[in-house]
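Examination of the molecular architecture
What follows is each chain in one-letter form.
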Amino acid sequence: MTSLFFSLCLILAGYLFYKQLEQELPDVKQLHHVQYQIPLSIYSADNLLIARYGEKKRTPVEISDIPQQQLNAFLAAEDDRFYSHPGVDYKGLTRAAIQFLLTGKKKQGGSTITMQVARNFLLSREKTFIRKFKEIILALKIEQEYSKDQVLQLYLNKIYLGQRSYGIAAAAQTYYGKPLAELDLAQMAMLAGLPKAPSSYNPISNPERARLRRNYVLRRMLEQGYISQNDFDLSIDAPVTATLHHGKEIELNAPYMAEMVRQAMVDQYGEEAYTLGLNVYTTITGELQSSADQALKYALHEYDERHGYRSLPHKKLTPGETFSADIVGDTQLALITSLSEKSARALLADQSEINISWENIKWARPFKTRSYSGPSLKSTADVFSVNDLIRVRRLPDNTWRLAQIPEVEGAFVALNPQNGAVLAVSGGFDFFQNKYNRATQSKRQPGSGFKPIIYTTALEHGFTAASLINDAPVVIEDPNQDDWRPENYSRKFFGPTPLRTALRKSRNLISIRLLRELGINEVTQTAMRFGFKQEQLPNSLSLALGSGYASPMQMARMYATFANGGFLIYPFFIDRIEDRQGNILFQHEPAVACPNCEEEHSQSSQYAPRIISPEINFLMNSLLRDVVQRGTATRAKTLGRKDLAGKTGTTNEQRDAWFNGFMKEIAATAWLGFDDSRSLGRGETGGKAALPMWIEFMRTALRDKPETIPEQPESIQSAFINPDTGLLAQPGSSNGIWEYFRIENLPTQYSPTQTSRDQNEHSLGTGLF
């Protein structure tokens, strides 16, 4: 009776203990909605991987996509009775209990795959008897709720396999750079051996121990009948082939865009952005982004080489001394191994040998100042000697050029003027040396690039492209400081000048006189329509010379209005966000420029707001095309098109160099300057320093774009005028020119006299309409 009573008490105590534990257990049904921690992935519009952020590497897979031998390898190594036990292997538990009673030590053992799923998903990692009991109860419940394949799939996607890899798909990529389907038997066994001790059996850090563990798994597979003796013999002697791979290789280098997206995602989702497995698709494309990066580096090197070689004296290496590539931007280190009078041989860090021709060396006159370089070189001995450590860069034609890391910086932005999509963005020479994004974060004076705002305001207030403004000295008196005496860049004065010529030649004094006549408030209001904020616009006549501040992104947005027919677009760089299953969480629906939409529909949120009339837009487009055809940006004519328009910008003392240009499908801004705003040097204007960057990008961007000249509105007419008076010219007049006017501004009087001023100074020019 006593023993029976004791047994009943023991059973009752066990039951009460079980019920108490059961109340503390989580609901196993939550495994239906497992959320794996998966990194944030960022892609281009053409599906190229730009970046991946997150601590844990994981790529969940369906069990149907896992090779059968890979499943067999894990079953052999971890739980060979998985498909026959109810979630708990009582034989294994009994062995573990006996081992504990004999040794007094808790050793790992007895845990089935189902119990590991319970522990990994629903319990803590603490090693206590209470947790083990909970694990057993949960395993039994899991097997009642889920199929064996479902349990195995959960396990294989959750387990940690070393090197920050979670799940077998991520591990296959990390150790072998392959999908699961391409692994051989030895590699499958290697992965299956990792769950027991991912650090101790890691094939990267402990290849010998990993090999032993792999071979144990292969023997277990042979014993279980999963592989033949021949399979075993071939695999047991296979070398350890694992090398560290960093997941899917980055396919498009766009770190500034990646950082813009990362910040936006953290702002939206917090730290969970790194673990939700979100896929973000940006608006940039591989071709245009690569072209923008290359164009920026090209322009910075071109400027840098004009001002001489700063890298003397070189660091010398002793014979046999090794060095790293130390890649910065598109430059890397190289060791001079031999010299001739007009060429040099050098060794790269990977021990490959290169030749540097005289053509790619002779630029390296000694740097003196930003406005002066030393004498021309006569031979290679003037610049380096054997065992000098130098920098080189590879040119598009695969030749090598002597290089240095530019001190000057730059930025480039290209927008789709029709909807605001960012087509390309580059914020500096090398993101990994300096993460400051000058394309979006900088506050630089726009210089003459701001003048189209003034001219737009003038045209809206009754001025015409033929209106004459006196290009003469201006003195602005200030009782608190010296009088301001602004000048044209040429330091010359040209007298009465039509607005067309004034903008084409970027005459500062005419901009100041226009601003003074229009009023600062009127011009400020126009600028704010274009997206500028009040604090960016100084309340003084210096506004005429672009003395406020703007980023390249803002300037590209401004010029997009002239490209799209007069609408203010809103730049965006995230097209859509998808969850890990590919469901769309966010799809950007931009407000688009719609010149032909009916007026009542144009106020809809799907349309960008019109900020200048079609007539004003046509006139400004004509004026800005003239800047390219005959003005300060004629270098862009090398692109061989008549539809390119834009404006150079050069600030006081050449601290900033800009070119803002566009055609119907692309508006792009190039900027070049020093972060500390020192002078770029004498003669470093927007047309010389920044325009080459824009041209290099456009060589690629325009390749498939048809030439498109804006249509002339019915309310715009052309008239044959005398450019010296702005009045109608007599038919057949030798100095008459054609000019565009709004109908209400058409001249009606004839010029009383004809002058002999050069008509080419003022005319529209052949082929412009």
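Below is a summary of the structure that appears in this document. (Residues numbered from 1 in each chain as written. Predicted model: local features only at pLDDT ≥ 70, side-chain atom pairs only at ≥ 80, totals over all residues. Heavy atoms only, no water.)

Quick word on unusual backbone geometry
Here is the rule: Comment: elements are numbered from the N terminus, with helices defined as DSSP H or I runs of at least four residues and strands as E runs of at least two.
Residue Pro313 is reached from Leu312 by a cis peptide bond, and omega for that bond is -5°. Looking at the element boundaries, Pro313 is found in the loop between α12 (286-306) and β4 (315-316).

Here's the deal with the packing of aromatic side chains
Pairs of aromatic rings are described using the distance from one ring centre to the other and the angle between the two planes. Spelled out, the test is: By convention, a stacked pair of Phe, Tyr or Trp rings (six-membered ring in the case of Trp) has centres within 6.5 Å and planes under 30 degrees apart, an edge-to-face pair has planes over 60 apart, and any other such pair is tilted. Each residue's exposure class comes from its accessible area (1.4 Å probe, protein chains only) as a fraction of the maximum for that residue type: buried when under 20%, exposed when over 50%, partly exposed otherwise.
Evaluated as defined, the whole model comprises 18 aromatic pairs. Ring plane angle 85° and centroid distance 5.1 Å describe the contact between Tyr256 and Phe431, whose orientation is recorded as edge-to-face. Of the two residues, Tyr256 sits in helix α11 (residues 255-269) while Phe431 sits in the loop between β13 (422-426) and α13 (451-460), which places them 175 residues apart along the sequence. Phe431 sits in the buried class, given a relative accessible area of 8%. Three or more aromatic residues joined by ring pairs make a cluster, and in this case those are Phe530, Tyr559, Phe562 and Phe662.

Considering helix α4 (residues 113-122)
Burial analysis of α4 places 9 of its 10 residues in the buried class, which makes it a mostly covered element. Here α4 has its buried residues at Ile113, Thr114, Met115, Gln116, Val117, Ala118, Arg119, Phe121 and Leu122.

Description of the pairing of strand β14 (residues 468-471)
This is how it is decided: Note on pairing: DSSP must find at least two bridges between two strands before they are called paired.
What you see with β14 is a clean split: Ile469 and Asp471 sit on the buried side and Leu468 and Asn470 on the side with no burial. In the sheet, β14 pairs with strand β15 (residues 495-498) via 4 bridges, with the strands oriented antiparallel. The partner of Asp471 across the bridge, within β15, is Gly495.

Regarding the side chain of Ser235
The cut-off we apply is this: Any pair of residues with heavy atoms lying within 4.5 Å of one another is described as a contacting pair.
Within the secondary structure, Ser235 sits in helix α10 (residues 229-236). Not counting residues within four places of it along the chain, the set of residues in contact with Ser235 comprises Leu185, Ala186, Arg214 and Leu218.

Concerning the pattern of salt bridges
When the charged atoms of two side chains with opposite charge come close together, those side chains can pair. Rules: Within this document, salt bridges are pairs made up of a side-chain nitrogen of Lys or Arg and a carboxyl oxygen of Asp or Glu, the two lying within 4 Å of each other.
If you walk through the whole model with that rule in mind, you get 38 salt bridges. Across the pair Arg370 and Glu407 runs a salt bridge, and its minimum N-O distance is 2.4 Å. Here the residue Arg370 occupies a position in the loop between β8 (367-369) and β9 (372-373), and Glu407 occupies one in the loop between β11 (400-403) and β12 (409-415), the gap between them amounting to 37 residues. Residue class for Arg370 comes out buried when judged on its relative accessible area of 12%. For Glu739, the salt bridge identified is with Arg500, shortest N-O distance 2.7 Å. You can see Glu739 sitting in strand β22 (residues 737-742) and its partner Arg500 sitting in helix α14 (residues 499-504), a full 239 residues away along the chain. Here Glu739 and Arg500 have matching classes, each one buried.

All quantities given are derived from atomic positions and should not be read as evidence of function.
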